[in-house]
Amino acid sequence: EADIYQTPRYLVIGTGKKITLECSQTMGHDKMYWYQQDPGMELHLIHYSYGVNSTEKGDLSSESTVSRIRTEHFPLTLESARPSHTSQYLCASSLGGGGYTFGSGTRLTVV
Amino acid sequence: DQQVKQNSPSLSVQEGRISILNCDYTNSMFDYFLWYKKYPAEGPTFLISISSIKDKNEDGRFTVFLNKSAKHLSLHIVPSQPGDSAVYFCAATADTGNQFYFGTGTSLTVIP
């Protein structure tokens, strides 16, 4: 039973569209993360948050933005999707002092 | 520059035998390491961890070994089962619970 939820699971969208990938967790974790993964590649951190109203960019440059208005919710937005944004996006959360709990991911295809 | 490396993209093992998955890292500040398992179309799930103060951690069929001088860790699965077939990611952090760095994964196939 997942405690961290990502929607949608799959999304195919046209170039130039604005999209928001949703991530919610019910564990009360302060720390949340967005990772991007291409097939056969490592997970790259693109955004993270250590609490409400706190967001930072990760190591991998990304044109996406995030917000953290509520502890349980950490949505990622692409204002204008491009084919280069095609990837899998994984959301994770943690309490700190241990590992992450990951969501099931969103596989995004921009055509 | 990739700080965590898994140089074997794939591994096939017969059911009942040992699976050994390897991981190397470059950052000597890393002090906490995890292995995740990932099935297709799902997010990674935590498998086992090890802190740099230990050189071995066991959990059932899974054992992780850490060699700090070589900056190398390995995951041993014994006996391997077909349900173990998945992609295994190694991850490391220098700041426990905060940013983890992931390897590219090793796809394990356990042949019945």
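Per chain, the residues get numbers from 1 upward, laid out in the order the sequence is written. As they are written, the chains are lettered A onward and the ligands numbered 1 onward, keeping that order. Only residues with pLDDT of at least 70 are given local features in this predicted model, and only at 80 or more are side-chain atom pairs given and counted; all residues enter the totals for whole chains, interfaces and linings. Only hydrogens and water are set aside; all other atoms, that is, all heavy atoms of the structure, feed into the side-chain values.

A. Spotlight on the packing of aromatic side chains. Residue and element names in this part refer to chain B. Whether two aromatic rings pair depends on their centres lying within 6.5 Å, for rings of Phe, Tyr and Trp, where Trp uses its six-membered ring; planes under 30 degrees apart make the pair stacked, over 60 edge-to-face, and the rest tilted. Tallied over the full model, the rule gives 16 aromatic pairs over all chains. Between Tyr-25 and Phe-30, the ring centres sit 6.1 Å apart and the planes meet at 55°, which makes this aromatic pair tilted. As far as the burial class goes, Tyr-25 and Phe-30 line up, both buried. Taking 5.7 Å as the distance between ring centres and 40° as the angle between the ring planes, the aromatic pair formed by Phe-30 and Tyr-101 counts as tilted. Remark: Tyr-101 occurs in strand S10 (residues 101–102) and Phe-30 occurs in the loop between strand S3 (19–25) and strand S4 (32–38); sequence separation between them is 71 residues. Accessible area is worked out with a 1.4 Å probe on protein chains only. A residue is then buried under 20% of its type maximum, exposed over 50%, and partly exposed in between. Of the residues examined, Phe-30 reaches a relative accessible area of 4% and is grouped as buried. Under the relative-accessibility criterion, Tyr-101 is labelled partly exposed at 22%. Helix and strand definitions follow DSSP, with helices as H or I runs of at least four residues and strands as E runs of at least two, each counted in order from the N terminus.

B. The sheet that holds strand S1 (residues 4–5) of chain B, seen in detail. Residues and elements named next belong to chain B. Between any two strands, at least two bridges found by DSSP are needed for them to pair. Read from one edge of the open sheet, five strands run S1-S3-S8-S7-S6, paired in antiparallel fashion. Every other strand in the sheet has two partners, leaving S1 and strand S6 (56–59) as the edge strands with one partner each. For S3 and strand S8 (residues 72–77), the ladder comprises six bridges, and the chain directions are antiparallel. When the bridges of S8 are listed, Leu-21 appears paired with Leu-75.

C. Broad picture of the environment of Arg-17 of chain B. Residues and elements named next belong to chain B. With respect to the helices, strands and loops of the structure, Arg-17 is situated in the loop between strand S2 (10–14) and S3. Taking relative accessible area as the criterion, Arg-17 reaches 57% and is therefore assigned exposed. Between the C-alpha atom of Arg-17 and that of Val-78, which follows or precedes it by 61 residues, the distance is 6.4 Å. When near neighbours in sequence (up to four residues on either side) are disregarded, Arg-17 contacts Ile-77, Pro-79 and Ser-80. A contact between two residues is defined here by any heavy atoms of the two lying within 4.5 Å.

D. Focus on the sheet that holds strand S8 (residues 76–78) of chain A. The sheet built from four strands is open, its strands ordered S1-S3-S8-S7 (chain A) with antiparallel pairing. Taken across any chain shown, the strands that pair with only one partner, and hence form the sheet edges, are strand S1 (4–7) and strand S7 (65–66) of chain A.

E. Geometry of unusual backbone geometry. Residues and elements named next belong to chain A. Pro-8 follows Thr-7 through a cis peptide bond whose omega is -10°. The topology assignment puts Pro-8 in the loop between S1 and strand S2 (10–13). At Asn-53, a residue that is not glycine, the phi angle is positive and equals roughly 65°.

F. Looking closely at the state of the cysteines. Residues and elements named next belong to chain B. Two cysteine sulfurs form what is called a disulfide whenever their separation falls within 2.5 Å. In the structure shown here, the tally under the stated rule is two disulfides over all chains. Bridging Cys-23 to Cys-90, the disulfide has an S-S length of 1.9 Å. Judged by the sign of its S-S torsion, about -60°, the cystine formed by Cys-23 and Cys-90 is left-handed. Here the residue Cys-23 occupies a position in strand S3, and Cys-90 occupies one in strand S9 (residues 86–93), the gap between them amounting to 67 residues. Side by side, Cys-23 and Cys-90 carry an identical accessibility label, which is buried.

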